[in-house]
Structure formats: structure tokens, C-alpha cells
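# Examining the three-dimensional arrangement
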Amino acid sequence: MHGPLYPWLHSEFTRFHALRVQGRMPHALLLSGEPGLGQSQLAMRLAQATLCHHPWDDGQACGQCGACRPFLVGAHPDFSLLIPKDKDSKDGDAAKAKDRDIKIDAVREFCAGLYFSSSMHHGRVGVIEPADAMNSAAANSLLKTLEEPPAGTLIILVSSQPARLPITIRSRCQRWLVPIPERATALGWLAQQPQLAGEDPARLLDLAEGRPLAALELAEPERLAQRSRWLESLLHLLRAGGNPLALAASQEKTAWPELLHWCRLLLADLIRLHAAGQAQTATMNLVNRDYADVLRPLAVRLNARELFGLYDYLLELSRLLNHPLNRELLMEELLIRFQRLGGHA
């Protein structure tokens with residue numbers, strides 16, 4: 001197997017195994033939750049366990065049988081994985097962005113494969129990840145298969161943005177939300193990861209809002225350095241003004257989702273501090289505790305209504321980031337609002 005199942009996913013796997021034992025398996029699952037929780041790994045483990053010839057008593061795949069060996073090298077004849085053509089591309093070009101869509105022809109081919117007879121007589125499994133990458137035509141093509149699924153078939157959709165899927169798709173799947181794990185579980189796992197390289201796991205987990213895999217990615221030195229540079233730029237806009245248009249233009253478009261994440265955490269800290277006034281204990285609940293000395297005096301002089309208004313705008317912007325709008329204009333507007341919040345029109 002490709003490493004042990006993440007500890008916070010055991011309860012979800014146990015739930016799946018119980019359904020299999022009871023003969024109550026759904027024909028389609030929609031695994032959702034915040035990014036960085038391991039939904040992809042869970043989907044693959046459920047698929048492998050379904051196809052395994054000799055699963056362990058707890059339902060997990062043996063990893064050694066005639067079904068597991070080809071599954072682990074991506075060659076199982078009864079398993080289909082559908083991902084965007086250009087899923088791993090870092091290019092911000094619009095043409096490349098279209099390649100990150102899952103199109104109708106790919107879904108038709110995926111669905112057609114599910115109707116073939118099972119080669120190993122353990123049914124067929126198909127995984128689409130991320131399912132919200134399907135365009136509307138592709139989603140409509142999948143709908144017929146969800147309405148009339150082939151016998152012995154399990155379809156698993158993985159999405160961190162399930163609201164982007166049509167309601168007709170969501171309503172025909174059993175929906176499983178992978179929750180944020182308990183802090184002790186997440187910290188215990190993080191502390192064992194060699195990639196931390198001396199970073200404080202509690203700090204990383206706070207910056208990732210409790211998502212262990214996202215926290216592990218933040219252990220990369222450049223990720224934390226990018227955070228520091230961005231926060232310094234935002235704080236400069238708030239305290240001294242500056243050139244928000246130039247700042248927006250200097251950022252890589254592929255980094256914008258993460259930059260918005262840092263913006264949101266910064267605003268949340270400012271709101272906490274503003275509400276607490278001069279109370280020293282307020283800094284204990286900050287995410288950006290390394291900036292507490294700078295944030296405390298700044299928060300006190302900011303307007304609460306404007307703080308909440310900017311936070312609401314930021315949430316809306318996060319939803320629009322994948323919309324076919326001019327994203328650079330949206331980012332410019334956000335930074336102009338940061339400048340105005342600091343009193344520098």
C-alpha cells in the first residue's frame with residue numbers, strides 16, 4: 001500500500017466497511033470537505049478495498065492479492081480514475097485553465113467503462129476527482145449513469161467545492177463530509193512527519209486552520225516566506241498606504257488562492273483584536289501570533305464596520321476566483337479596499 005491511512009480517516013473507512021458488511025453499499029458517494037484532509041486518499045482506499053479479493057478483518061485491502069497488485073500500479077481492469085487533463089499544471093494561462101476542466105467526452109468514456117463486465121468478478125469502481133472540475137455538459141452526461149447505475153458498480157466523486165456541482169448530481173449521491181480532525185490527532189500525526197524540519201506543528205496547524213495535509217505543505221520554507229512577504233505588504237498598505245495596483249500585478253496568478261487565505265486570516269485576527277480592545281489575552285487566540293505586536297495597535301484604530309465589510313468582500317472574492325472574470329481586477333479591488341481600511345484613500 002502507499003503508506004498507512006491517515007489516522008483521522010479511520011472513522012470514515014469504518015463507516016464504509018460497516019455498510020459493506022450490512023449489504024447497504026451506495027451506488028455513488030460524494031466525498032467532500034476542506035482541502036488538505038486527504039479525501040483523495042480515502043477515495044482510493046475505498047476503491048481498493050471494494051475490489052480486494054482478501055481484505056483484512058477491518059475491511060482494508062490486503063495489498064498483496066491479484067486485485068491489489070494491479071490496482072497499486074494503476075492497471076486494475078475494473079477501476080477507472082477520471083482527473084482533469086491538465087490537473088497538475090501551474091500555468092495561469094486561460095487555455096491551460098480550460099485543460100483543468102473535465103469535459104463531456106472524458107465523462108462519456110468513463111461511464112461507458114462502468115458498463116463492461118467485471119474482469120475479476122468483484123464489481124467495478126470509478127473515481128472522479130475533483131468532481132467539481134466537470135463542466136455542465138460533462139456533469140449532465142454523468143447524470144444518466146447515476147440515475148441508472150450498472151449493477152455492482154461504485155462511483156466515488158471527490159470535491160472540496162460540492163456546491164459547484166449541479167443539485168441533480170449531489171442528490172443522487174450519498175454525501176460524506178470529511179471533518180476537520182481533532183487537534184490532538186492532527187498534531188500527533190504532524191509531529192511524526194520528517195518534512196517539518198524543525199517547524200512548530202501547532203503553528204503550522206493553526207495557519208492551515210486545522211487541516212493536517214495543508215499544514216504539512218506549509219512546512220516548505222518558501223511557503224512560509226511567501227506568507228511573510230505578503231503579510232508585510234498588506235500591513236504596509238494598512239499603515240502607510242502604497243501602490244495596490246503594482247502589488248496586485250507583482251503576484252503570480254497561481255498564488256492568488258493562497259494569498260486570499262492569508263488575507264482572510266489576517267482580517268480575522270484584526271477583528272478579534274478590535275473586539276477585545278487592549279486586552280492582552282486576545283493575542284492567545286490569534287493565528288498570526290508572530291505579528292501580534294504589530295496587529296494589536298493597528299486593530300484598535302480600525303473601523304469595525306469596515307473590517308467586517310472587507311471580510312465579507314474577501315469571502316465573496318474567494319468564491320469568484322474560478323469564475324471567468326478578470327481576476328486581476330478583483331485582486332486590485334481587494335488591495336485598494338485594504339488601503340482604504342487603513343485610511344489611505
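Model, not experiment: these values are computed from the prediction.

### Things to note about the pattern of salt bridges
Inspection of the entire model under this criterion finds 20 salt bridges. We note a salt bridge from Arg 203 to Asp 290, for which the minimum N-O separation is 3.3 Å. Of this pair, Arg 203 sits in helix α9 (residues 201-207) while Asp 290 sits in the loop between α13 (256-276) and α14 (292-301), placing them 87 residues apart in sequence. Residue classification places Asp 290 among the partly exposed residues on the basis of a relative accessible area of 45%. A single salt-bridge network, built from bridges that share partners, covers Glu 199, Arg 203, Arg 227 and Asp 290.

### So, the confidence of the model for the chain
Averaged over all residues, the pLDDT of the chain equals 90, while 92% of them reach at least 70. Within the model, pLDDT remains below 50 along residues 89-97, and this stretch shows nine contacts once partners closer than five positions in the same chain are excluded.

### Quick notes on the packing of aromatic side chains
This model, assessed by the stated rule, comprises six aromatic pairs. Centroid distance Trp 8 to Trp 189: 5.2 Å. Interplanar angle 85°. Geometry classified as edge-to-face. Remark: Trp 189 occurs in helix α8 (residues 183-191) and Trp 8 occurs in the segment before α1 (10-21); sequence separation between them is 181 residues. On the basis of relative accessibility, which here comes to 8%, the residue Trp 8 falls in the buried class. Seen from their ring centres, Phe 71 and Phe 79 are 4.8 Å apart, and the 55° between their planes marks the pair as tilted. For the pair shown, Phe 71 and Phe 79 are each scored as buried. In this structure an aromatic cluster arises from ring pairing among Tyr 6, Trp 8 and Trp 189. It is Arg 227 that lies over the ring of Trp 262; its NZ or CZ is 6.0 Å from the centre. Note that Arg 337 overlies the ring of Tyr 313, its terminal NZ or CZ placed 3.9 Å from the centroid.

### A short note on the sheet that holds strand β1 (residues 28-32)
Pairing in this open sheet of five strands is parallel, and the strands run β2-β3-β4-β1-β5 from one edge to the other. Lying at the two open borders of the sheet, with one neighbouring strand each, are β2 (79-82) and β5 (174-177). When strand polarity is set aside, the average angle formed by the axes of neighbouring strands in this sheet is 15°. Bridge count for β1 against β5 is four bridges, and the pairing is parallel. Opposite Ser 32, over in β5, you have Leu 177 as the bridge partner.

### Things to note about the environment of Gln 195
Mapped onto the elements of the fold, Gln 195 is located in the loop between α8 and α9. It is 6.8 Å that separates the C-alpha atoms of Gln 195 and Ala 219, two residues lying 24 residues apart in sequence. Ignoring anything within four residues of it in the chain, the contact list for Gln 195 reads Leu 216 and Ala 219.

### Comments concerning the state of the cysteines
The tally for this structure, following the rule as stated, stands at zero disulfides. Sulfur of Cys 52: no disulfide; nearest cysteine sulfur belongs to Cys 62 and is 3.6 Å away. Cysteine Cys 111 remains unbridged, with the sulfur of Cys 173 as its closest cysteine sulfur at 12 Å. Since its relative accessible area comes to 6%, Cys 111 is described here as buried.

### A short note on unusual backbone geometry
The step from Glu 129 to Pro 130 runs through a cis peptide bond, and the omega angle for that step is -5°. As for its placement among the helices and strands, Pro 130 is situated in the loop between β3 (124-128) and α6 (136-147). Its identity is not glycine, yet His 121 carries a phi of approximately 60°, on the positive side. Checked against the element boundaries, His 121 lands in the loop between α5 (104-114) and β3.

Quick notes on the rules
Residues numbered from 1 in each chain as written. Predicted model: local features only at pLDDT ≥ 70, side-chain atom pairs only at ≥ 80, totals over all residues. Heavy atoms only, no water. Salt bridge = Lys/Arg side-chain N within 4 Å of Asp/Glu carboxyl O. Helix = DSSP H or I, 4+ residues; strand = E, 2+ residues; numbered from the N terminus. Buried < 20%, exposed > 50% of the residue type's maximum accessible area, 1.4 Å probe, protein only. pLDDT = per-residue confidence, 0-100. Contact = heavy atoms within 4.5 Å. Phe/Tyr/Trp six-rings, centres within 6.5 Å; stacked < 30°, edge-to-face > 60°. Lys NZ or Arg CZ within 6 Å of the ring centre and 35° of its normal. Pairing = 2+ DSSP bridges. Axes fitted to C-alpha atoms, helices over the stretch in contact; angles between N-to-C directions. Disulfide = S-S within 2.5 Å.

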